[in-house]
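# Structural description and commentary
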Amino acid sequence: MSLMQWVEEKYSTNVDLCDNQHKELFDRVNALNDAVVNRDRVDIGNRLDNLVDFVVKHFETEERLMEERGYSGLERHRQEHDLLVKTCTDIQDKFHAGEMDIEEATMTYIKNWLDHHIPIIDKPYGPALGN
Ligand code: FEO
């Protein structure tokens, strides 16, 4: 069973571009999780890089839309994004340096972050950024 499953009522922001990117994030988290379950270090590294690249792209997209619409929650939102990017890049660096492995606890951290951030922090921008 996939680690992250899209539930429209729970995760939809009603902004198509963001919802589609969130779905892509879920796919990449699930792909990484599969590699973790299979304990394939090369695959884990590739999928980790693939996920972090898309996280950065997604955050840039949201922040650009917020800037364009003059969304008042931009600065607080950006702080949340910056914190996760720093955590992810630290994990990436340590993983590639052979100083840590990606295990179930890491995947739980990522899942919990998304499970909080999308419904609680992202969803409120829906009316301001709507299609
Ligand atoms: Fe969809 Fe604010 O990340």
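Scroll up to find the structure this text is about.
Residues numbered from 1 in each chain as written. Predicted model: local features only at pLDDT ≥ 70, side-chain atom pairs only at ≥ 80, totals over all residues. Heavy atoms only, no water.

On to the overall build of the protein, then. Counting its secondary structure elements, the protein contains six helices and zero strands. Helices (α) and strands (β) of the protein occur, in sequence order from the N terminus, as α-α-α-α-α-α. Structurally, the protein occupies a C-alpha span of about 45 × 30 × 20 Å along its principal axes. By the burial criterion, 44% of the 131 residues in the protein qualify as buried. Long-range contacts, defined here as pairs at least 24 residues apart, represent 72% of the contacts in the protein between residues at least 6 apart. If you sum the accessible surface of the protein, you get close to 7300 Å²; carbon and sulfur atoms cover 48% of it. One way to put it: in the protein the 15 positive side-chain charges average out to a point 2 Å from where the 27 negative ones average out. (Helix = DSSP H or I, 4+ residues; strand = E, 2+ residues; numbered from the N terminus. Buried < 20%, exposed > 50% of the residue type's maximum accessible area, 1.4 Å probe, protein only. Contact = heavy atoms within 4.5 Å. Areas by Shrake-Rupley, 256 points an atom, 1.4 Å probe, with all protein chains shown as cover. Lys, Arg positive; Asp, Glu negative; His and termini not counted. Charge placed at Lys NZ, Arg CZ, Asp CG, Glu CD.)

Here the focus is the packing of helix 2 (residues 16–38) against helix 5 (residues 104–122). Packing of helix 2 against helix 5 leaves a shortest axis separation of 10 Å and a crossing angle of 170°. By the angle between their axes, helix 2 is roughly antiparallel relative to helix 5. Between helix 2 and helix 5, the contacting residues are H22, L25, F26, V29, L32, N33 and V36 on the first element and E104, M107, I110, L114, I118 and D122 on the second. For the contact of helix 2 with helix 5, the class distribution of residues is nine nonpolar, two polar and two charged. (Axes fitted to C-alpha atoms, helices over the stretch in contact; angles between N-to-C directions. Parallel < 35°, antiparallel > 145°, perpendicular 65-115°, else oblique. Nonpolar A, V, L, I, M, F, W, Y, C, P; charged D, E, K, R; others polar.)

Here the focus is the pattern of salt bridges. Taken as a whole and assessed by the stated rule, the structure comprises 11 salt bridges. Between E24 and R28 there is a salt bridge; the shortest N-O distance is 2.8 Å. Of this pair, E24 and R28 both sit in helix 2, separated by four residues, roughly a single helical turn. Residue E24 is classed as partly exposed on the basis of its relative accessible area of 27%. A relative accessible area of 18% places R28 in the buried class. (Salt bridge = Lys/Arg side-chain N within 4 Å of Asp/Glu carboxyl O.)

Before going further, it helps to examine the layout of surface pockets. Computed from the structure, the largest pocket encloses a volume of approximately 230 Å³. Every residue along the wall of the largest pocket is listed here: N33, V36, V37, R39, R41, I44, F95, D101, I102, E103, E104 and M107. Breaking the lining of the largest pocket down by element, the ones donating at least two residues are helix 2, helix 3 (41–69) and helix 5. Of the residues forming the lining of the largest pocket, the biggest block, three residues, is contributed by helix 2. By residue class, the composition of the lining of the largest pocket is six nonpolar, one polar and five charged. (1 Å grid on protein atoms, 1.4 Å probe; cavity = no way out; pocket = protein on both sides within 12 Å on 5 of 7 lines; lining within 4 Å. Points joined across faces, edges and corners; volume = space filled by probe spheres on them.)

For N14, which is not glycine, the phi dihedral falls at a positive 65°. Along the chain, the position of N14 falls in the loop between helix 1 (8–11) and helix 2. According to the relative accessible area criterion, N14 is exposed, its value standing at 55%. Backbone geometry places R39, a non-glycine residue, at a positive phi of 55°. Relative to the assigned elements, R39 resides in the loop between helix 2 and helix 3. Residue R39 is classed as exposed on the basis of its relative accessible area, which comes to 75%.

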